[in-house]
Amino acid sequence: MPPDSPDRRECVLCGCCLEGCPLLEATGREELSPRAKALLAGPSKFDAARLAEGDVAALTGLCLACGRCEKLCPQGVQVPALMAAMRAAHPDFRQWLWKQWITRLGPYWSLAAKGAALAPQAFVDTFVPAQFGLALKGLKGLRPGNGLAPWLAIAAFPVQAFRARYGDRPVALFDGCVGRGPRAAWGETARLLLKGLGAHLAEPRFSCCGSTLGVAGLPQEQAQARAENIAAWREAGRPLLATYCATCRKGLADYAGPGADGGLFADEAEAAAWAASLVPLSALLEGAKAKAGRGAPAIVGYHRPCHAEAADHDFRLLSSLLGPRLRTPAGGGCCGFGGVMQLSAPELSARVGASCWESLDTALGFSAAPEVTPAYVLTGCSGCVMQLLATAPRGARVGHWLEIIRQK
Ligand code: SF4
Ligand code: SF4
């Protein structure tokens, strides 16, 4: 076990993480807090092996993997990694999860990816268990053609700044599962933006970033996805790696992060080159100028994904392009997606989602006069888009910020 493995970091019960946990905030239940989970799954505190599989499924399913706690922990305890390790150590949990996903929701994923119409509501109401209603709602919201109408034209690209910083280095876009599937339009717009910058595009064949596989307790599948992505990047000549999903970016950064499998890369230099090659698409566009056209909402909300990097380049870019039109809750707020948790505890996921919408409402004021200023929210994470679509109040519009960019 590496010395900086998350498994070895001990919780000292300080409670610094508590204020960051959206699950604790939404429920007030200390047993769902990161401190309780660190005790449950941390080193030598509790014999988790003695827990019944049903208990493990229940306990480890109750974490959003948002990572807010680890950012506040002075000990460096990584609760999401501990939960993932625990899920992996209990194969029954994985079987349970995949059985639910593949047998109940799998057909909807492929339908969505192919752009086909989803099952009629009457069929869903009759045959799909209520437990999957939230996930299904998010999938339905992602269907092609249901995105936002574009209204922002890029008037000037920061070509000189891009060239000065990166020269002729090729850029590969990492689309992620949603950007490759039901929302392929994100990738199309992103490529046009890169062309506007004068970037030379490389097109390696990437796999899933692997982060949701890791969170679901599938470390082997995650390692395979990571190895495939590194091989594709290497083969393409180690291009700059631009991302437009905050969770994909974090998932890719974790390949070379603390506690990562050192054997993924040829050597430390290659791991450092990988880490240095990662850049949010929005960071490349900083300095761009834009013009809002017909259909531009008077007030635009921004939801900051939990996995956004500290600098949050998406917010910086949107602030500069949209000016005072853009508003965001002061304290942010987790959307409650949580991957596994959306399936295992949809009512809790929805409760965190409702609290997120309340804070958006405080910042945007849409509930006071929804006919005049309906909720309109942008974000930069596939999971957040899905969850916000699933939990949105009636009439609200939600999308990735790429959706508002006009392609011509
Ligand atoms: S990862 Fe998020 S939901 Fe899970 S314990 Fe930490 S703060 Fe709470
Ligand atoms: S997980 Fe970290 S921040 Fe939370 S109680 Fe333990 S040591 Fe403190």
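Quick look at the structure, then. (Residues numbered from 1 in each chain as written. Chains lettered and ligands numbered in written order. Predicted model: local features only at pLDDT ≥ 70, side-chain atom pairs only at ≥ 80, totals over all residues. Heavy atoms only, no water.)

### Details of the overall build of the protein
Helices and strands together make up the secondary structure of the protein, namely 20 helices and ten strands. The proportion of buried residues among the 408 residues of the protein is 51%. Looking at the protein alone, contacts between residues at least 24 apart form 75% of all its contacts between residues at least 6 apart. When the accessible surface of the protein is split by element, carbon and sulfur atoms take 56% of a total near 18000 Å². (Helix = DSSP H or I, 4+ residues; strand = E, 2+ residues; numbered from the N terminus. Buried < 20%, exposed > 50% of the residue type's maximum accessible area, 1.4 Å probe, protein only. Contact = heavy atoms within 4.5 Å. Areas by Shrake-Rupley, 256 points an atom, 1.4 Å probe, with all protein chains shown as cover.)

### As for the site of ligand 1
Around ligand 1, the neighbouring residues are Cys21, Pro22, Pro34, Lys37, Cys63, Leu64, Ala65, Cys66, Gly67, Cys69, Val79 and Pro80. Within the residue set of the shell around ligand 1, elements represented by two or more residues are helix 2 (34-41) and helix 5 (79-89). (Near = heavy atom within 4 Å.)

### Some words on the packing of helix 2 against helix 5
For the pair helix 2 and helix 5, interaxial distance at closest approach is 10 Å and the crossing angle is 45 degrees. When the axes of helix 2 and helix 5 are compared, the pair comes out oblique. Helix-helix and strand crossings are classified by hand; for helix 2 and helix 5 the assignment is left-handed. Counted together, Pro34, Lys37, Ala38, Leu40 and Ala41 of helix 2 and Val79, Leu82, Met83 and Met86 of helix 5 form the full contact between these two elements. Broken down by class, the residue content of the contact of helix 2 with helix 5 amounts to eight nonpolar, no polar and one charged. (Axes fitted to C-alpha atoms, helices over the stretch in contact; angles between N-to-C directions. Parallel < 35°, antiparallel > 145°, perpendicular 65-115°, else oblique. Left-handed = near helix turned anticlockwise from the far one by under 90°. Nonpolar A, V, L, I, M, F, W, Y, C, P; charged D, E, K, R; others polar.)

### Focus: unusual backbone geometry
The phi dihedral of Arg238 is positive, around 55 degrees, even though this residue is not glycine. Note that Arg238 resides in the loop between helix 13 (219-235) and strand 4 (240-243). Of note, Asp312 is a non-glycine position whose phi angle comes to about 45 degrees, a positive value. Here Asp312 shows up in the loop between strand 7 (300-302) and helix 17 (313-322). The exposure class of Asp312 is buried, given its relative accessible area of 5%.

### Some thoughts on the sheet that holds strand 4
Spatial strand order, 3-2-4-5: four strands in an open sheet with parallel pairing. Each of the sheet's edge strands pairs with one partner strand only, and the pair in question is strand 3 (201-202) and strand 5 (278-280). Bridge count between strand 2 (residues 171-174) and strand 3: two bridges; the pairing is parallel. In the strand pairing of strand 3, Ala172 is matched with Ala202. Most of the contacts of helix 14 (residues 246-253) go to strand 5, to which it runs at about 165 degrees, and overall it touches strand 2, strand 4 and strand 5. Its contacts with the sheet place helix 15 (residues 268-277) against strand 4 and strand 5, and it is angled at close to 10 degrees to strand 5. (Pairing = 2+ DSSP bridges.)

### Looking at the environment of Leu343
Secondary-structure assignment places Leu343 in helix 18 (residues 340-344). Along the primary structure Leu343 and Gly61 are separated by 282 residues, whereas in three dimensions their C-alpha atoms are 8.5 Å apart.

### Let's talk about the packing of helix 8 (residues 133-141) against helix 20 (residues 382-391)
Where helix 8 meets helix 20, the axes come as close as 7 Å, and the angle between the chain directions of the two elements is 110 degrees. Taken together, the axes of helix 8 and helix 20 are roughly perpendicular relative to one another. Along the contact surface, helix 8 presents Leu134, Ala135, Lys137, Gly138, Leu139 and Gly141, while helix 20 presents Met386, Gln387, Leu389, Ala390 and Thr391. Of the residues contributing to the contact of helix 8 with helix 20, the split by class is six nonpolar, four polar and one charged.

### Examining helix 17
Taken residue by residue, helix 17 has His313, Asp314, Leu317, Leu318, Leu321 and Leu322 as its buried positions. Projection of helix 17 onto a plane perpendicular to its axis shows the buried side chains occupying an angular sector of 140 degrees, all on one side. Gly323 occupies a position one or two residues after helix 17 and carries a positive phi of about 60 degrees. (Arc of directions from axis to C-beta.)

### So, the environment of Trp151
Examined against the element boundaries, Trp151 turns out to sit in the loop between helix 8 and strand 1 (152-156). Overall, Trp151 belongs to the buried group, its relative accessible area being 1%. As a C-alpha pair, Trp151 and Ala292 span 141 residues in sequence and 5.9 Å in three-dimensional space. Side-chain polar atoms of Trp151 contact the side chain of Tyr376, separated by 2.8 Å. (Polar contact = N/O pair within 3.5 Å; in protein donor to acceptor, adjacent residues only side chain to side chain.)

### Remarks on the site of ligand 2
Surrounding ligand 2, one finds 13 residues, the nearest of these being Cys11, Cys14, Gly15, Cys17 and Cys73. Its residues assigned to classes, the shell around ligand 2 comprises ten nonpolar, two polar and one charged.

### Things to note about the pairing of strand 9 (residues 376-379)
In strand 9, alternate side chains face the same way, and those of Tyr376 and Leu378 on one face and Val377 and Thr379 on the other are all buried. Where strand 7 and strand 9 come together, two bridges link them in parallel fashion. Note that in strand 9 the partner of Tyr302 across the bridge is Leu378. With four bridges connecting them, strand 9 and strand 10 (residues 397-400) associate as parallel partners. If you follow Val377 over to strand 10, its bridge partner there is Val398. One crossover worth recording links strand 9 to the parallel strand 10 by way of helix 20, and it is right-handed. (Right-handed = clockwise from strand over helix to strand, strands pointing away.)

### Considerations on the pattern of salt bridges
Pairing between side chains of opposite charge can happen when the charged atoms of each approach one another. Inspection of every chain in the model, using the stated rule, returns eleven salt bridges. The shortest N-O distance in the salt bridge between Arg163 and Asp168 comes to 3.1 Å. Residue Arg163 is classed as partly exposed on the basis of its relative accessible area of 41%. When the shortest N-O distance is used, the salt bridge between Arg191 and Glu203 registers 2.8 Å. You can see Arg191 sitting in helix 11 (residues 184-196) and its partner Glu203 sitting in the loop between strand 3 and helix 12 (211-215), a full twelve residues away along the chain. Overall, Arg191 belongs to the buried group, its relative accessible area being 18%. A cluster of three or more residues bridged by salt bridges with shared partners is formed by Asp175, Arg191 and Glu203. (Salt bridge = Lys/Arg side-chain N within 4 Å of Asp/Glu carboxyl O.)

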